[in-house]
2 protein chains.
Amino acid sequence: MNSPSPCDLGQGAPPRPAVVGAEWLIDADGCREELLRDLPTLTRLCERLVAELDLHVVGAPLWHPFPGPGGITGLFLLTESHLACHTYPESGVATFNLYCCRPRPAWPWHDRLRELLGARRVRVRSVTRGGPGRAGEEAAP
Amino acid sequence: MNSPSPCDLGQGAPPRPAVVGAEWLIDADGCREELLRDLPTLTRLCERLVAELDLHVVGAPLWHPFPGPGGITGLFLLTESHLACHTYPESGVATFNLYCCRPRPAWPWHDRLRELLGARRVRVRSVTRGGPGRAGEEAAP
């Protein structure tokens with residue numbers, strides 16, 4: 001059940017709220033519809049990401065192709081946190097979440113998603129998880 | 001393998017890039033350390049969220065307690081998209097991602113995480129998935 005965790009935060013109580021990770025939100029559009037319904041393509045893409053960023057998968061990933069015009073969802077539990085993939089073939093959209101508890105080098109999302117999904121546009125946002133909030137964010141006192 | 005998908009986007013090609021979902025990023029700190037290591041507590045919390053928002057879980061959720069001082073990761077594949085939970089007991093932090101392809105009513109994150117994890121502060125951010133990018137975001141032309 002257990003596996004080594006690169007996310008252990010060391011000894012002692014850090015100041016609160018602590019920064020616990022970084023998350024990337026990737027939204028690609030203009031992708032080729034048939035590729036967004038193709039499980040081997042999506043599996044290959046995610047496995048390449050995992051290998052190139054030296055991530056570590058815990059157990060088997062969850063993949064679910066939705067019926068009819070639906071897309072595919074994939075979830076990977078990582079020792080570094082998680083990777084999620086959702087596709088929307090009718091819209092030509094694929095989205096990814098990569099949440100890591102340790103800094104990782106940038107991955108060439110634009111190049112890879114153009115190459116593997118035919119994406120025309122790729123948007124990459126990053127957010128810090130944990131850490132102090134900012135004005136305007138909903139937060140209880 | 002398949003199940004009904006509330007995420008089908010209907011007939012016809014919507015304008016691109018299409019909005020495909022909403023995601024909430026929740027970061028709670030000041031949580032009770034022992035509760036962040038307690039799988040039944042986290043399971044109960046996620047199951048309550050799923051029930052109260054009328055979400056639909058596909059297959060069995062993935063749960064992974066990390067060894068030693070590590071926390072717990074949980075991933076739920078939903079017909080609505082996904083729910084992810086990570087805990088960091090030494091920092092008193094728990095984070096959640098709830099990604100839905102359809103609008104959902106607000107969940108009382110502050111009240112629930114105070115009640116179930118002893119959280120002292122809860123920060124809720126929301127982002128739109130898909131949709132047009134904004135100036136300042138990294139996007140390939």
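Residues numbered from 1 in each chain as written. Chains lettered and ligands numbered in written order. Predicted model: local features only at pLDDT ≥ 70, side-chain atom pairs only at ≥ 80, totals over all residues. Heavy atoms only, no water.

### Looking at the environment of Asp111(B)
Okay, step 1: Residue placement: Asp111(B) occurs in helix H3 (residues 109-117).
Okay, step 2: Distance in space between the C-alpha atoms of Asp111(B) and Val122(B) is 9.1 Å, their sequence separation being 11 residues. (Helix = DSSP H or I, 4+ residues; strand = E, 2+ residues; numbered from the N terminus.)

### Quick notes on the pattern of salt bridges
Okay, step 1: Enumeration according to the criterion identifies 22 salt bridges over all chains in this entry.
Okay, step 2: Linking Arg37(B) and Glu33(B) is a salt bridge whose minimum nitrogen-to-oxygen distance equals 3.0 Å.
Okay, step 3: For Glu33(B), a relative accessible area of 35% translates into the label partly exposed.
Okay, step 4: In the salt-bridge network here, residues are joined through shared partners; they are Glu23(A), Arg129(A), Asp27(B) and Arg125(B). (Salt bridge = Lys/Arg side-chain N within 4 Å of Asp/Glu carboxyl O. Buried < 20%, exposed > 50% of the residue type's maximum accessible area, 1.4 Å probe, protein only.)

### Remarks on the state of the cysteines
Residue and element names in this part refer to chain A.
Okay, step 1: Taken as a whole, this structure holds 0 disulfides over all chains when the rule is applied.
Okay, step 2: Left unpaired, Cys46 is separated from the closest cysteine sulfur, that of Cys85, by 4.6 Å.
Okay, step 3: Take Cys46: its relative accessible area is 1%, and that puts it in the buried class. (Disulfide = S-S within 2.5 Å.)

### Section: the pairing of strand S3 (residues 72-78) of chain B
Residue and element names in this part refer to chain B.
Okay, step 1: By the criterion of burial, S3 is predominantly enclosed, with 7 of the 7 residues buried.
Okay, step 2: Every second residue of S3 is oriented toward a common face, with Ile72, Gly74, Phe76 and Leu78 on one face and Thr73, Leu75 and Leu77 on the other, all of them buried.
Okay, step 3: Where strand S2 (residues 62-65) folds back onto S3 in an antiparallel hairpin, the turn is made up of 6 residues, including Gly68, whose phi is positive at roughly 55 degrees.
Okay, step 4: For S3 and strand S4 (residues 81-88), the ladder comprises 6 bridges, and the chain directions are antiparallel. (Pairing = 2+ DSSP bridges.)

### With respect to the confidence of the model for chain A
Residue and element names in this part refer to chain A.
Okay, step 1: Summarising the model, chain A shows a mean pLDDT of 86, and 82% of its residues fall at 70 or more.
Okay, step 2: A low-confidence stretch, residues 1-6 stays under pLDDT 50, and its non-local contacts, those more than four residues away or across chains, total 18 contacts.
Okay, step 3: Confidence over residues 8-14 falls short of pLDDT 50; this stretch has 12 contacts with residues more than four positions distant or in other chains.
Okay, step 4: Overall fold confidence (pTM) sits at 0.86, and the ipTM for the predicted complex is 0.85. (pLDDT = per-residue confidence, 0-100. Contact = heavy atoms within 4.5 Å.)

### Comments concerning the side chain of Thr87(A)
All names here are of chain A.
Okay, step 1: Looking at where Thr87 falls in the secondary structure, it is placed in strand S4 (residues 81-88).
Okay, step 2: Given a relative accessible area of 5%, Thr87 falls into the buried group.
Okay, step 3: Here Leu36 takes part through its backbone oxygen, which lies 2.7 Å from a polar atom of the side chain of Thr87.
Okay, step 4: Within the structure, Thr87 has its side chain in polar contact with the backbone nitrogen of Ile72 (distance 2.9 Å). (Polar contact = N/O pair within 3.5 Å; in protein donor to acceptor, adjacent residues only side chain to side chain.)

### Some remarks on the pairing of S4(B)
All names here are of chain B.
Okay, step 1: Among the 8 residues in S4, 8 count as buried, and that is most of the element.
Okay, step 2: What sits between S3 and S4 in their antiparallel hairpin is a turn of 2 residues.
Okay, step 3: Pairing of S4 with strand S5 (residues 93-100), which is carried by 8 bridges, proceeds in the antiparallel orientation. The partner of Ser81 across the bridge, within S5, is Cys100.
Okay, step 4: In this antiparallel pair of consecutive strands, S4 and S5, the connection spans 4 residues, and Gly92 shows a positive phi of 70 degrees.

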